[in-house]
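Below, each chain spelled out in residue letters.
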2 protein chains.
Amino acid sequence: MPVELNETHDPLLTSWVAGANEAGTDFPIQNLPYGVFARAGKPRVGVAIGDSILDVAEAAQAGSFTGMAEVSAKACQSGQLNALMELGPDYWAALRLGLSRLLRQGGATKAAESCLVDRKCAQMRLPASISNFTDFYTSIHHATNAGRMMRPDAPLLPNFKHMPIAYHGRASSVAVSGTSVRRPKGQSRAKNASLPSYGPTQRMDFELEVGFYVGPGNAIGETVALADAPGHIFGLSLVNDWSARDIQSWEYQPLGPFLAKSFLTSVSPWIVTLEALAPFRVAAADRGRDAPDLLAHLDDAQDRTHGGIHLQLEVFLQTPKMRGAGISPERISGSNFDGQYWTIFQMLAHHTSNGCNLLAGDLVASGTVSGSGLSEAGCLLEMTLGGTRPLALPNGETRSFLEDGDEILFRGFCERTGAARIGFGECAGRIEG
Amino acid sequence: MPVELNETHDPLLTSWVAGANEAGTDFPIQNLPYGVFARAGKPRVGVAIGDSILDVAEAAQAGSFTGMAEVSAKACQSGQLNALMELGPDYWAALRLGLSRLLRQGGATKAAESCLVDRKCAQMRLPASISNFTDFYTSIHHATNAGRMMRPDAPLLPNFKHMPIAYHGRASSVAVSGTSVRRPKGQSRAKNASLPSYGPTQRMDFELEVGFYVGPGNAIGETVALADAPGHIFGLSLVNDWSARDIQSWEYQPLGPFLAKSFLTSVSPWIVTLEALAPFRVAAADRGRDAPDLLAHLDDAQDRTHGGIHLQLEVFLQTPKMRGAGISPERISGSNFDGQYWTIFQMLAHHTSNGCNLLAGDLVASGTVSGSGLSEAGCLLEMTLGGTRPLALPNGETRSFLEDGDEILFRGFCERTGAARIGFGECAGRIEG
């Protein structure tokens, strides 16, 4: 799994666009993530750069690109990223190179300047038409912590180390960051109650996840080999798989989560491409000495050097009281995506191992990303030990689960010596009663 | 839940179209189901009538309809049924009345005649763009029989009688009847084996199901009350939820079925509208004396008179040897949809009870429809007691699970005294190695 760096990754590159060279920006010229924003009421494909968004199709119209880059930019005219996603890595690389040269210091053209809009004022939309949403379960810490609450003696099920477990999520209720989160009603059975009741969930939770968008898909009946998986992955985003734990524990046997999740799933608006992440590809996480040999379609023993992505994740909470008192969102958790037991490439290979057809724009998420300690847990269920040990906030408030008005923000960024820091922006949602 | 009959249901109506008045036809003038067929390589919305299909948009073009019927027919111009589905029951009723008057004896117009194509030669396609596929689990016999194999002491889980259990299926791999079924490969762990292996499924099964297509959807965060559910259901089809049992039993804990199902799901090409089914609406199945009271959003105690649909279902199997010897497909099972523990209306109300947004064209299936006896089982897993008691075929062959070349056909029809018999056509698929 060789990963090549090119001139677009050069940490010394700077941009002529305001804000792009500031320390700590999520969107330097080495990032160039894609999203969809509203302009005059219409969806437009944009690339985040500093404080701005470049309208890609408009830049193409203005003659900013040639060759494969031009073809790629024109695929953005529909106002959704699906057509670009379908083109594949060679086209993506050509457009990235074209964008980098256009936006870097010295590459300024008057034409490109007029294609920039103010990022702060832009209204972001879902980046793609998501036909299918699949959610995996690839953190061994999450699986162990959540499993321990239900099966103290055998928290981890026997299949976990043999293949990445997943289920189909609900595609219609995937919404862009900022969409308000209506507290769902549902059926649940309270502890010690003999009968269920119906009402607003009492155990509202978030799940910190990373998702990838599928690039070119595969025909039904065809599989994608592990070595070919990178060519089918367009880029990554942050995902909040909001969960109603009381509904979930009552409904999930025997067919898995359903209404506990399908009321809303939030995604961050920017898709950081796999190419932008190249400097942060690291060895796949060590699976431990007791890890079984993997079956051929999942076996990465030959080359584990770039299976992981060093991506730092953070969760912030702001309660209504904090907001009222002007207190910033509090960081309540953090973990790194490089610790996942299964890689995104194994997820994709497994997903297609039965011939299931993936489509460009499908969203595939990692499941809750948790580290080994409680301070690295990716959901309140783990963090508060099932609600038994409430989280203490600096202003004296406590939380077992989320209350109305609470806002959850995810942030993600990649940094290491010798590379420019790049960020994912935010995935945010506020609970409404 | 009042159900009104109108002139389109009159059993004495006949049609001027060839084949529509023959005894036993699935498509008399009282049916008028919708589908999508290919004409000159383009998808067209059609209505099955006798041996023909009426091209609906072309008939509209020819001036066959007026008012709301015309609006509805013109919604079919896109070549998919989604736009018609979105219009709702008043529009559907207007178009049905227009179609009935156009196609009934005496209503012939030369214009309509030229809009007919030969049904036998037509290549059918998926009737709608299916954004989301949900599969329920509403047969108490199936749940009990399947559950007994895993939990002999407590086959039925405690939640079953309190709400209809469901999971998200895979939308991309829903295909129209006739699509060949590639035997999926997958990971499974053989009985008594300590390690899993990867290869073609050894336990290939079908699942006899009935699905409905959603009409007008609901906004995210909004619920649909049980009494309003009928207005959100466009019509019904047969569904074969092909299942790889060995893959399923190894992967399904804790998140439910995934690759065991996502390789293919077949649907019959014709959607029989809820209005066409009006003469066959019967009381919802008796839930038995030990049934718990239902929570408000599912409670149909006030009016159970038309919750069920009297729809006879049949499963036929033809092996390659039978085909070679000219032996017709053998009927191996049959059951009636009126015995389901949960109604389609409860399914829809439950699905939206957390605010999950349904979209026009979403497919929602019943789960395996099984009666109480083995001869009424809706899948081989039940019929052969998990493969331990193979099915004996008249030509001496046996089947525990499906072999390459086997073809499974579902048929469905409604009949009762005083109403014209209507049918669903066929849902067929042949296993390919």
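Residue numbers here run from 1 along each chain, matching the order of that chain's written sequence. Labels follow written order: the first chain is A, the first ligand is 1, and so on. Confidence filtering applies because this is a predicted model: local features only for residues at pLDDT of at least 70, side-chain atom pairs given and counted only at 80 or more, and all residues used for totals across whole chains, interfaces and linings. The basis for every side-chain value is the complete set of non-hydrogen atoms in the structure, without hydrogens or water.

An unreviewed UniProt entry annotates chain A as fumarylacetoacetase originating from Candidimonas nitroreducens. The heading Pathway (unreviewed entry) in the UniProt record of chain A holds the text "Amino-acid degradation; L-phenylalanine degradation; acetoacetate and fumarate from L-phenylalanine: step 6/6." UniProt positions are given in the numbering used here, feature names are shortened, and annotations may be inferred rather than shown by experiment.

Undergrad: Hey, could you run me through the interface of chain B and chain A in this one?
TA: The extent of an interface is frequently quoted as the accessible surface area lost upon association of the parts. Chain B puts 57 residues into the contact, and the matching count from chain A is 57 residues. Buried area is a sum: the accessible area each of two parts loses on coming together, probed at 1.4 Å, counted once for each and added. When the two sides are added together, the surface that chain B and chain A hide from each other amounts to roughly 5,300 Å², 61% of it contributed by carbon and sulfur. Considering only the side of chain B, the residues that lose the most area to chain A are B:His168, B:Leu255 and B:Phe258, jointly responsible for 16% of the buried surface there. Salt bridges are counted wherever a side-chain nitrogen of Lys or Arg sits within 4 Å of a carboxyl oxygen of Asp or Glu. Between the two partners, chain B and chain A, sit four salt bridges. In this structure, A:Glu222 and B:Arg182 form a salt bridge, with 3.9 Å as the shortest nitrogen-oxygen distance. Each helix is a run of H or I in the DSSP string that is no shorter than four residues. Each strand is a run of E no shorter than two, and both are numbered from the N terminus. Listing elements by their share of the side of chain B that touches chain A, those giving two or more residues are strand 6 (133–137), strand 7 (165–168), strand 10 (185–188), strand 11 (197–200), helix 7 (245–251) and helix 9 (344–351) of chain B. Per-element accounting of the side of chain B that touches chain A gives the leading share, four residues, to strand 7 of chain B. When the residues that make up the side of chain B that touches chain A are grouped by side-chain class, the tally is 28 nonpolar, 22 polar and seven charged. Here, residues are in contact when the closest pair of their heavy atoms is within 4.5 Å. We call Asp, Glu, Lys and Arg charged. Ala, Val, Leu, Ile, Met, Phe, Trp, Tyr, Cys and Pro are nonpolar, and the rest, Gly among them, are polar.

Undergrad: Sorry if this is basic, but what is going on with the domain arrangement of chain A here?
TA: Residue and element names in this part refer to chain A. The start and end points of each domain follow an automatic or database-based domain assignment. Looking at the assigned domains, one finds that chain A contains domain 1 (7–125) and domain 2 (133–432). A separation of 28 Å is found between the C-alpha centroids of domain 1 and domain 2. At the interface, 30 residues of domain 1 touch 27 residues of domain 2. The contact between domain 1 and domain 2 buries some 2,200 Å² in all, and 68% of this surface belongs to carbon and sulfur atoms. The largest share of the area that domain 1 buries against domain 2 comes from His9, Met85 and Trp92, three residues that together contribute 26% of it. The interface formed by domain 1 and domain 2 contains two salt bridges.

Undergrad: Teacher, can you tell me more about the relation of the copies chain B and chain A here?
TA: Each of the two chain copies goes to the other by way of a rotation about an axis and a shift along it. For the pair chain B and chain A, the superposition axis carries a translation of 0.0 Å, the fit reaches an RMSD of 0.0 Å, and the rotation angle comes to 180°. Such a combination of rotation and displacement between the chain copies is what one expects of a two-fold axis. Using C-alpha coordinates, one finds that chain B approaches the rotation axis most closely at B:Gly256, a distance of 2.1 Å. Most of the interface of chain B is mirrored in chain A: 100% of its interface residues are interface residues there too. Copy-to-copy superposition: least squares on the C-alpha atoms, limited to residues that have pLDDT of at least 70 in both copies.

Undergrad: What is the right way to look at the sheet that holds strand 9 (residues 181–182) of chain B in this model?
TA: Consider a sheet: its strands pair through backbone hydrogen bonds, and that pairing is either parallel or antiparallel. Residue and element names in this part refer to chain B. A strand pair is defined by DSSP finding two or more bridges across the two strands. Spatial ordering of the open sheet is given by 9-26-25-20-21, a layout of five strands whose pairing is mixed. A single partner strand is all that each edge strand has here, and the edge strands are strand 9 and strand 21 (330–336). The sheet contact formed by strand 20 (residues 312–318) and strand 21 spans six bridges and is antiparallel. In the sheet register, glutamate 314 faces strand 21, and the bridge partner there is glycine 334.

Undergrad: So what exactly am I meant to see when it comes to the pairing of strand 2 (residues 42–49) of chain B here?
TA: In the case of a regular strand, side chains alternate between the two sheet surfaces. Residue and element names in this part refer to chain B. Here six bridges tie strand 1 (residues 34–39) to strand 2, and the two strands are oriented antiparallel to one another. Within strand 2, the residue paired with glycine 35 across the bridge is glycine 46. Counting the residues in the hairpin turn of strand 1 and strand 2 gives two residues, including alanine 40, whose phi is positive at 50°. In terms of strand pairing, strand 2 meets strand 3 (residues 52–55) through four bridges, oriented antiparallel. When the sheet's bridge partners are listed, glycine 46 is paired in strand 3 with aspartate 55. Connecting strand 2 to the next strand, strand 3, in antiparallel fashion are two residues, including glycine 50 with a positive phi near 55°.

Undergrad: Would you take a moment to explain unusual backbone geometry for this structure?
TA: Leaving glycine aside, a negative phi is the common case for residues, and trans is the common case for peptide bonds. Residues and elements named next belong to chain A. Each neighbour pair has its own omega, and for glutamine 253 with proline 254 the value is 5°, a cis peptide bond. Here proline 254 shows up in the loop between helix 7 (245–251) and strand 16 (265–267). Non-glycine residue leucine 32 carries a positive phi angle of around 55°. Tracing the backbone through its elements, the reader meets leucine 32 in the segment before strand 1 (34–39).

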